[in-house]
Amino acid sequence: MNVQSYCSNTNSMTFLRVVFNGFQLISKLTTSRKRCTRFNGAEVRVVVIMGGQIATNNDKLPRGESCAHVGFVAKQPTGLWQTKTQQTTNTNAMLLLRHCRGLTRVDLFKTQRVQLLQGAALPVAVCAGSLCARWGSSHGEHKSGQYQRSHGPKWRHALAGLLAGTGAVLAYGLHHSQAATTIVQPIAPASSLPIYTQDEVTKHRSVEEGVWVTYKGSVYDITEFVSMHPGGDKILLAAGGALEPFWALYAVHSQDHVLEILSEYKVGELSAEDRRKQQNVKSTDPYSTDPERHPALRINSLKPFNAEPPPEILSDNYITPSAIFFKRNHLPVPQVDPKSYRLQVEGVSGGAPLSLSLEELKTCFPKHTVTATLQCAGNRRSEMNKVKQVKGLNWGIAAISNATWSGARLKDVLLAAGYRPEVAQQTSHVQFEGLDSDVTGTTYGASIPLNKAVSEEGDVLLAYQMNGEDLPADHGYPVRVVVPGTVGARNVKWLGKIIVSDEESSSHWQQNDYKGFSPATDWDTVDFKSAPAIQELPVQSAITQPAEGAVVERSAEEVTVKGYAWSGGGREVVRVDVSLDGGRTWQVAQLQSSEKGQVPAPSPPPGRAWAWKLWELTAPLPPAAQELEIVCKAVDNSYNMQPDSVAPIWNLRGVLSNAWHRVKVTVKEDEEEQKLV
């Protein structure tokens, strides 16, 4: 990166000046409230040391004086912070800037002596936390266990980071004074931090008093991070206590970058006695009662469990066996007692709340069976990741499956609760709440349009059977919603409550997820309120056989290609085109709408084609071709077609990925033919 230095001939700039052995360091003070700033795309931090303390922004450089050295601390690929200076290019100081709460004073303890040779690297460590003294009498003394806010936030955001030229100043001054040695402070060991009792930590449970938490025996002041927490103020549930029980629920926190962020807020250690108490308390793993899963499943996430079947077996059956039906859980699988289970129905104007047992749902309403395909909004996300990284599980092509579902029609249950056609003039949505919940008691939720819920052709079920048997635990036992033709996220499992409402579900997964955006939208500009929640999915197809990188023998003379195709909204797939040469020429695949050997099912009524089509094509190998780029694309009865590439439909959440699916395979020549050649 280009290192910049600033002169004092501009009154509008605020400068910091450091004087060391007669030499001065000047740095422009960034006034941004961001923790870091950027120079030429590199993340940098700005911090200036004046002797044994950090300079204040009241130190303005008198006009007429010139710059000496300006150093920047740049974040390296290793995650460490490394100084770069303009005039002392060999200075390479590794800095620890983790605990400076007020960014006021740093004492350099004389515990290590470092020999300095001309041009040699100078290790400089800045300790903080307990080593960061607060402002003196003019600003008030720091009270033990109290978070100092009068200067902390301002300096935290204005200065947070760049140790501008500490190494440069020391090296520069010592070079000119021919000094042979200097005293520098090594990174403070954890044992040098203050010791706090659990009672002291518990006192810090609000933003006003400071938000402290413990993790594996260490104490962290996360007050400043609360407003930046991706999960919102749920982080306050752990205030004054341990993070472990909450992180057990959200396993994403165990990732290295999360632990790195947490480490920046460490302020001390928990007392030995309280650490022993924590170790003696067994943390309950909310996922410990999850059901066993089929070993063939390819796992994308263990907690919560998310997995898909291998593509090569996905298309072996028109009806996907329940054991390998893709699994998409957002939270732990709840343990539901079928004997005490109650389904609540609320919000029907003019009707009374309805509560149904599982037995009543089975016996008081006609049983209907629907064959329907469910697809996760993130199916084929991995292909978007190849264009540009997105956030979400790295699903392959098998986050889609087909099953028969049996249960009561939602329409019939709403009628029993007092629904009448005139209700549609007052309300627009039907909300669903699951029995799966997080530590706050917040349940998974979603909603669908009312007209879909009550339509005779909508076929929305309150299903209690899957493929002729009770719902498996992973698929919503004892009752789930099945909304044919609609994205999997609205098919709420472990259904506990139905609410007829004039508003969509307020659930995170309805309001702030499962929405599509322009490729131009990023996480800095995204506005989830600007996009509608995904309901019906676009036309889709993919190749399940052969797999990417497979080898086809030339002696076979032909290749067989298999896959699936489906379209949302009840639109029937009427054609699948397959190419062996990257899309230059095409052939039409044969469609399959039932199990092999069975009589083909008749075409469904218009708008009610809920199930996928399997397809197959056997074609001669192109002569002389050494590699095949196999491509498929589907067409539905509205003549919707898949886009030819991923880039134009890329979006930051990686949903709605339905471009032409492409697979490259190698054609292996026969050994005899190779000898002849």
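Residues numbered from 1 in each chain as written. Predicted model: local features only at pLDDT ≥ 70, side-chain atom pairs only at ≥ 80, totals over all residues. Heavy atoms only, no water.

Moving on, we get to the overall build of the chain. Each helix and strand counted, the chain has 13 helices and 40 strands in total. A burial count over the chain gives 51% of its 677 residues as buried. Counting only contacts in the chain whose residues sit at least 6 apart along the sequence, the fraction spanning at least 24 positions is 73%. For the chain, the accessible area works out to roughly 31300 Å², and carbon and sulfur atoms hold 50% of it. (Helix = DSSP H or I, 4+ residues; strand = E, 2+ residues; numbered from the N terminus. Buried < 20%, exposed > 50% of the residue type's maximum accessible area, 1.4 Å probe, protein only. Contact = heavy atoms within 4.5 Å. Areas by Shrake-Rupley, 256 points an atom, 1.4 Å probe, with all protein chains shown as cover.)

What follows covers the sheet that holds strand S36 (residues 587–588). On the basis of which strands lie adjacent, the open sheet formed by five strands has the order S33-S40-S39-S35-S36 and mixed pairing. Strand pairing shows two members of the sheet lacking a second neighbour, strand S33 (551–553) and S36, which therefore form its edges. Pairing of strand S35 (residues 573–579) with S36 involves two bridges; the strand directions are antiparallel. Pairing of Val578 across the sheet is with Gln587, part of S36. (Pairing = 2+ DSSP bridges.)

For Ser357, the position within the fold is in strand S23 (residues 354–357). Excluding residues within four positions of it along the chain, Ser357 makes contact with Tyr341 and Arg342.

In this section: unusual backbone geometry. Each neighbour pair has its own omega, and for Tyr477 with Pro478 the value is 10°, a cis peptide bond. Mapped onto the elements of the fold, Pro478 is located in the loop between strand S29 (469–470) and strand S30 (480–482). Here the amide bond leading from Gln545 into Pro546 is cis, since omega sits at -5°, within 30 degrees of zero. Examined against the element boundaries, Pro546 turns out to sit in the loop between strand S32 (540–545) and S33. Notably, Asn467 is not glycine yet its phi reads approximately 55°, a positive angle. Its place among the elements puts Asn467 in the loop between strand S28 (461–466) and S29. A positive phi is found at Tyr639, a non-glycine position, where the angle reads about 60°. You can see Tyr639 is positioned in the loop between strand S39 (627–636) and strand S40 (661–668).

Moving on, we get to the side chain of Thr320. Note that Thr320 resides in the loop between helix H7 (311–314) and strand S21 (327–328). Of the residues examined, Thr320 reaches a relative accessible area of 0% and is grouped as buried. If we skip the residues at most four places from it in the chain, Thr320 touches Phe325, Ser401, Asn402, Asn467 and Trp612.

Strand order in the open sheet formed by three strands is S19-S20-S21, and the pairing between neighbours is antiparallel. Each of the sheet's edge strands pairs with one partner strand only, and the pair in question is strand S19 (298–301) and S21. Two strands pair when backbone bridges link them, and S19 and strand S20 (residues 306–308) are joined in this way by three bridges, in the antiparallel orientation. Bridge assignment links Arg298 to a residue of S20, and that residue is Glu308.

With that settled, consider the environment of Ala453. With respect to the helices and strands, Ala453 occurs in helix H11 (residues 450–454). Taking relative accessible area as the criterion, Ala453 reaches 2% and is therefore assigned buried. Sequence separation between Ala453 and Lys411 is 42 residues, and the spatial gap between their C-alpha atoms is 6.3 Å.

In this structure, Leu462, Leu495 and Ile498 are the most contacted members of the largest nonpolar core, which totals 55 residues. Once residues within four sequence positions are removed from consideration, Leu462 is found in contact with Leu343, Leu361, Gly407, Ala408, Leu410, Val413, Val479, Arg480, Val481, Leu495 and Ile498. Counting residues in hydrophobic clusters, the runner-up holds 23 residues, among them Ala565, Val576, Ala589 and Leu617. (Core = buried A, V, L, I, M, F, W, Y, C linked by side-chain atoms within 4.5 Å.)

Considering all chains together, one arrives at 22 salt bridges under this definition. Here Lys411 ties to Glu456 by a salt bridge, and the two come within 2.9 Å at their closest N and O atoms. Taken together, the residues Lys411 in helix H10 (residues 410–416) and Glu456 in the loop between H11 and S28 connect sequence positions 45 residues apart. For Lys411, a relative accessible area of 21% translates into the label partly exposed. The partly exposed category is assigned to Glu456, whose relative accessible area is 38%. Each member of the salt-bridge network shares a partner with another, and the members are Arg409, Lys411, Asp412 and Glu456. (Salt bridge = Lys/Arg side-chain N within 4 Å of Asp/Glu carboxyl O.)

Turning our attention to the confidence of the model for the chain. Per-chain confidence: the chain averages 77 in pLDDT, with 69% of residues scoring 70 or above. Within the model, the stretch residues 1–190 combines pLDDT values under 50 with 381 contacts to residues more than four positions away or in other chains. (pLDDT = per-residue confidence, 0-100.)

Here the focus is the packing of aromatic side chains. Counted under the stated rule, the structure contains 10 aromatic pairs. Seen from their ring centres, Phe326 and Trp395 are 6.3 Å apart, and the 90° between their planes marks the pair as edge-to-face. Of the two residues, Phe326 sits in the loop between H7 and S21 while Trp395 sits in the loop between helix H9 (381–387) and strand S25 (400–409), which places them 69 residues apart along the sequence. Look at Trp523 and Phe528: their rings are 6.2 Å apart centre to centre, the planes differ by 45°, and that puts the pair in the tilted class. Residue Trp523 is classed as partly exposed on the basis of its relative accessible area of 37%. Note on Phe528: relative accessible area 11%, which makes it buried. Sitting over the ring of Trp586, Lys633 keeps its end group 4.8 Å from the ring centre. (Phe/Tyr/Trp six-rings, centres within 6.5 Å; stacked < 30°, edge-to-face > 60°. Lys NZ or Arg CZ within 6 Å of the ring centre and 35° of its normal.)

Within the secondary structure, Arg409 sits in strand S25. For the pair Arg409 and Thr369, spaced 40 residues apart in sequence, the C-alpha separation works out to 9.3 Å. Among the polar contacts listed, one links the side chain of Arg409 to the side chain of Glu456, at a separation of 2.5 Å. (Polar contact = N/O pair within 3.5 Å; in protein donor to acceptor, adjacent residues only side chain to side chain.)

Attention shifts here to the environment of Phe432. Mapped onto the elements, Phe432 comes out in strand S26 (residues 429–437). Take Phe432: its relative accessible area is 0%, and that puts it in the buried class. Once the C-alpha coordinates of Phe432 and Gly445 are considered, the two residues, 13 residues apart in sequence, prove to be 5.6 Å apart.

Along strand S16 (residues 210–215), six of the six residues are buried, which leaves the element largely enclosed by surrounding structure. Burial along S16 is two-sided: Gly210, Trp212 and Thr214 facing one way and Val211, Val213 and Tyr215 facing the other are all buried. As paired elements, strand S15 (residues 205–206) and S16 share two bridges and run antiparallel to each other. Each residue of the ladder has a partner; that of Ser206, found in S16, is Gly210. Between S15 and S16, which pair antiparallel and follow one another directly, the connecting turn spans three residues. Here S16 runs beside strand S17 (residues 218–221); their pairing, made up of four bridges, is antiparallel. Within the sheet, the bridge partner assigned to Trp212 lies in S17 and is Asp221.

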